[in-house]
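Results of the structural survey
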Amino acid sequence: MSENGHHVVPVKLYMLVGAILLIFTGITYGVALIDLGPLNTIVALCIATFKATLVVLIFMHVKYTSEKLTKAVIFSAIFFLGLLLTLSLADFGTRAWL
Amino acid sequence: MSDSHGSAVVSGAHAGIQDAAQRELRHHFVDMQQQSNTASLGMWLFLVTEVMFFGGMFCAYLIYRLMYFKDFAAASQSINVSWGAANTAILLVSSFTMAMAVRCAQLGKQKLLVVFLLFTMLFGAAFLGVKSKEYYDKYKEHHIPGANFNFDDGKLLGHPEYVINQRHAEMFFSIYFAMTGMHALHMIIGLGLMAYLIIASMRGKFDTSYYTPVENIGLYWHFVDVVWIYLFPLLYLISRTKG
């Protein structure tokens, strides 16, 4: 704990997260060269989400925050982004039905 | 802090003690922790608006990609994926050095803080350097949307017979330049913020009780990194196989 009550993350964890992020960047590149059909995009997005989650939880300290409001704000961001994408896609995907 | 009625602040100033907590605590906060939590929440709210800002562009990308998939794949294949992967690595390393900078600020290691901020700035600048090289390549190939746009040299991997729709490929590049351009603008602003942090920390503005700017600019920097984590596969890796 630092003076104002913030969690100090060990250097080793930061290095581990950094290494995992770099390794998964390599994996994304490698997997993209193998033909998996539509799975290519899904795998790439899953890896990106995994990497983004690591950055948000560890580098951005969300895992250690005592402020519950911060987490509510983050979930609302994900929720409204999801709303934007799914409703837009629902519109786009069903226009041919008319 | 002439507008403050807080006795602690006044007596601190009288005693000539000027640590960051006494200098920076605003009178409407109970203590530094409350002030810091409030600043952090405000920063997160700003990042939510940024998520929605980039989200609109991701949505446009998604729909056009579904409409013009083959042209988007061909246009994406014309971008050099090695530079993109290298840039992803550079940006991730800069996020690591930024996280280390915040850690140094938490522990009061002022000299190391400056070193890590300098490294973060260096990697950020390297990212922009690679990006401008990529933009210059696209300029030479006439792949920048506008009057001189030309994608006659484009080929869809594994489907040499497919005739690429020039306007659809141009749409990909419009979205590519809008998204990477907006991302690059955020990086440029980030470099400016880094310069501010370096000057402020060399002047002794921060200590273990007060380093909110380091923390919040750190959040901004990581957010810009997260945007790139998605941009890389979506723009560079639409289809890299013959399938």
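Given the structure is predicted, the values throughout are model-derived calculations rather than measurements.

Rules of the game
Residues numbered from 1 in each chain as written. Chains lettered and ligands numbered in written order. Predicted model: local features only at pLDDT ≥ 70, side-chain atom pairs only at ≥ 80, totals over all residues. Helix = DSSP H or I, 4+ residues; strand = E, 2+ residues; numbered from the N terminus. Rg over C-alpha atoms; globule rule 2.2 N^0.38 Å. Buried ≥ 20, exposed ≤ 12 C-beta atoms within 10 Å, placed from the backbone. Contact = placed C-beta atoms within 7 Å. Expected span 1.5 Å × (residues − 1). Domains from an automatic or database assignment. Nonpolar A, V, L, I, M, F, W, Y, C, P; charged D, E, K, R; others polar.

Counting secondary structure elements, chain A contains three helices and zero strands. From first element to last, N terminus to C terminus, chain A shows the α and β order α-α-α. For 98 residues, the compact-globule estimate of 2.2 N^0.38 gives 13 Å, and the C-alpha radius of gyration of chain A, at 18 Å, exceeds that figure by more than 25%. Along the first, second and third principal axes, the C-alpha set of chain A runs to 60 × 35 × 10 Å. Scored against the burial criterion, the 98 residues of chain A give a buried share of 19%.

The next thing to look at is the environment of Gly-55 of chain B. Turning to its location among the elements, Gly-55 of chain B is positioned in helix α3 (residues 32-67). Between the alpha carbons of Gly-55 of chain B and Val-227 of chain B there is a distance of 9.7 Å; along the sequence they are 172 residues apart. The residues touching Gly-55 of chain B, leaving out its near neighbours within four places in the chain, are Leu-81 and Leu-84 of chain A.

This part takes up helix α2 (residues 39-59) of chain A. Relative to the 30 Å expected for 21 residues at 1.5 Å per residue, α2 of chain A spans 29 Å between its end C-alpha atoms, a close match to the ideal helical length. Buried-residue contacts for α2 of chain A involve α1 (11-32) of chain A together with α5 (81-107) and α8 (212-236) of chain B. Immediately beyond the C-terminal end of α2 of chain A, within one or two residues, lies His-61 of chain A, with a positive phi of roughly 65°.

Moving on, we come to the domain arrangement of chain B. Residue and element names in this part refer to chain B. In terms of domains, chain B is made up of domain 1 (1-30) and domain 2 (32-236). The C-alpha-based centres of domain 1 and domain 2 are spaced at 39 Å. Contacts between the two partners involve eight residues from domain 1 and, on the opposite side, nine residues from domain 2.

Right, let's get into the domain arrangement of chain A. Taken as a whole, chain A is organised into domain 1 (1-65) and domain 2 (67-98). Spacing between the C-alpha centres of domain 1 of chain A and domain 2 of chain A amounts to 23 Å.

If you look at the interface, chain B gives 43 residues, while chain A gives 42 residues. Only α3, α5 and α8 of chain B provide two or more residues apiece to the side of chain B that touches chain A. By residue class, the composition of the side of chain B that touches chain A is 26 nonpolar, 13 polar and four charged.

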